Amino acid sequence: MKHACARLQYRGTVLGDWGFDRSLAYGKGVSLLFAGPPGTGKTMSAQVLAKEVQLEIYKIDLSQVISKYIGETEKNLHEVFSEAQLSNAILFFDEADALFGKRSEVKDSHDKYSNVETAYLLQKMEEYDGITILATNLQQNLDEAFMRRFGFIVKFPFPDAGHREQIWRGLIPPEAPVDDDIDFRFLASKFELAGGYIKNIVLSAAFMAAEQGCAIGMKQLLVSARSELRKNGKIWIREEMGEYADLVD
């Protein structure tokens, strides 16, 4: 990500002063692929990069772009790229595999026009001079033709216990009232969750503590963790909570 920022900061030197602008017909923009499991920080990283280069993010609403009518998707994408070109904004495609999926063998008219849409996207990506960020949970679902068009591919691994503990600690602001009984190491080891899910737990626990008129403690965090696990279809095993099991009861 630092290299991507540097490419933006020094593009005037390389493209202008060093003459690369004359030798590049297209592909002068910066394109990044963020790939990793849900909740590992892809969207947050896009926001961090935008703040670093002091540009606005234009997050693409896929439901407003993809159309079942022939030609409408390309029209919508043309408007997106044109608007971004005028505003010099960062284009951010979340869950990009829905738009940038693999091109398939043409068996019917649907396959034909789906492949046309993908080819159009390839063309617009290369023509765009700004920053394009694609985020995907399933890198293997992206068309291989897209891979060579990315200047940077950033992979977001699932956090291990050590990183999860840092996430638990970092999500609680210093101003927030916190009990001394919070066992961050226990939380990190027992709940194998990505940062997005941990954020939901901490925030839910904070509102619970505010409602109860007390500091954020293990009770609120564990109750919130149980709700988050159940919401995502994961099993809550009381016996694994050890000395903290009674807090949830």
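Our subject is the structure that appears above.
Residues numbered from 1 in each chain as written. Predicted model: local features only at pLDDT ≥ 70, side-chain atom pairs only at ≥ 80, totals over all residues. Heavy atoms only, no water.

What follows covers helix 4 (residues 42-53). Over its 12 residues, helix 4 extends 17 Å from the first C-alpha to the last, a length consistent with the 16 Å expected when each residue adds 1.5 Å. Within helix 4, burial applies to Lys42, Ser45, Ala46, Leu49, Ala50 and Val53. End-on, the buried residues of helix 4 take up no more than an arc of 140°, which puts them together on one face. With respect to the buried face of helix 4, the exposed residues turned more than 90 degrees away are Met44 and Lys51. (Helix = DSSP H or I, 4+ residues; strand = E, 2+ residues; numbered from the N terminus. Expected span 1.5 Å × (residues − 1). Buried < 20%, exposed > 50% of the residue type's maximum accessible area, 1.4 Å probe, protein only. Arc of directions from axis to C-beta.)

Moving on: the sheet that holds strand 5 (residues 152-155). What links the strands of a sheet is backbone hydrogen bonding, and the strands pair in either a parallel or an antiparallel sense. The 5 strands are arranged 2-3-4-1-5 in an open sheet whose pairing can be described as parallel. Where the open sheet ends on each side, the last strands, each with one partner, are strand 2 (57-59) and strand 5. The average undirected angle you get between the axes of adjacent strands in this sheet is 20°. Two strands pair when backbone bridges link them, and strand 1 (residues 30-35) and strand 5 are joined in this way by 4 bridges, in the parallel orientation. Paired with Phe34 across the two strands is Val154, which belongs to strand 5. (Pairing = 2+ DSSP bridges. Axes fitted to C-alpha atoms, helices over the stretch in contact; angles between N-to-C directions.)

So, on to the nonpolar core. Among the nonpolar cores identified, the biggest contains 27 residues, and Trp168, Ile182, Leu187, Phe191, Leu221 and Leu222 are the most heavily contacted of them. Every element with two or more residues in this core is listed here: helix 10 (184-190), helix 11 (195-212), helix 12 (218-231) and helix 13 (245-248). For Leu187, the residues in contact, after removing those within four places along its chain, are Trp168, Ile182, Met218, Leu221 and Leu222. (Core = buried A, V, L, I, M, F, W, Y, C linked by side-chain atoms within 4.5 Å. Contact = heavy atoms within 4.5 Å.)

As a further point, take the packing of helix 11 against helix 12. It is the contact of helix 11 with helix 12, at a shortest axis distance of 8 Å, that shows an interaxial angle of 130°. By the angle between their directions, the pair helix 11 and helix 12 is classed as oblique. Two packed elements cross with a definite hand, and for helix 11 against helix 12 that hand is right-handed. Residue-level contacts link Tyr197, Asn200, Ile201, Val202, Ser204, Ala205, Met208, Ala209 and Gln212 of helix 11 to Gln220, Leu221, Val223, Ser224, Ala225, Glu228 and Lys231 of helix 12. Counted by class, the contact of helix 11 with helix 12 contains 9 nonpolar, 5 polar and 2 charged residues. (Parallel < 35°, antiparallel > 145°, perpendicular 65-115°, else oblique. Left-handed = near helix turned anticlockwise from the far one by under 90°. Nonpolar A, V, L, I, M, F, W, Y, C, P; charged D, E, K, R; others polar.)

Let us look at unusual backbone geometry. Excluding glycine, most residues fall at negative phi; most peptide bonds, likewise, are trans. One non-glycine residue, Gln54, lies in positive phi territory at about 60°. Tracing the chain through its elements places Gln54 in the loop between helix 4 and strand 2.

Looking now at the layout of surface pockets. Computed from the structure, the largest pocket encloses a volume of approximately 780 Å³. Taken together, 25 residues line the largest pocket, and the ones lying closest to its centre are Gly39, Thr40, Gly41, Lys42 and Gly196. At the level of elements, helix 4, helix 9 (161-170) and helix 11 are the ones that each hand at least two residues to the lining of the largest pocket. Looking at the lining of the largest pocket residue by residue, the classes come out as 8 nonpolar, 11 polar and 6 charged. (1 Å grid on protein atoms, 1.4 Å probe; cavity = no way out; pocket = protein on both sides within 12 Å on 5 of 7 lines; lining within 4 Å. Points joined across faces, edges and corners; volume = space filled by probe spheres on them.)

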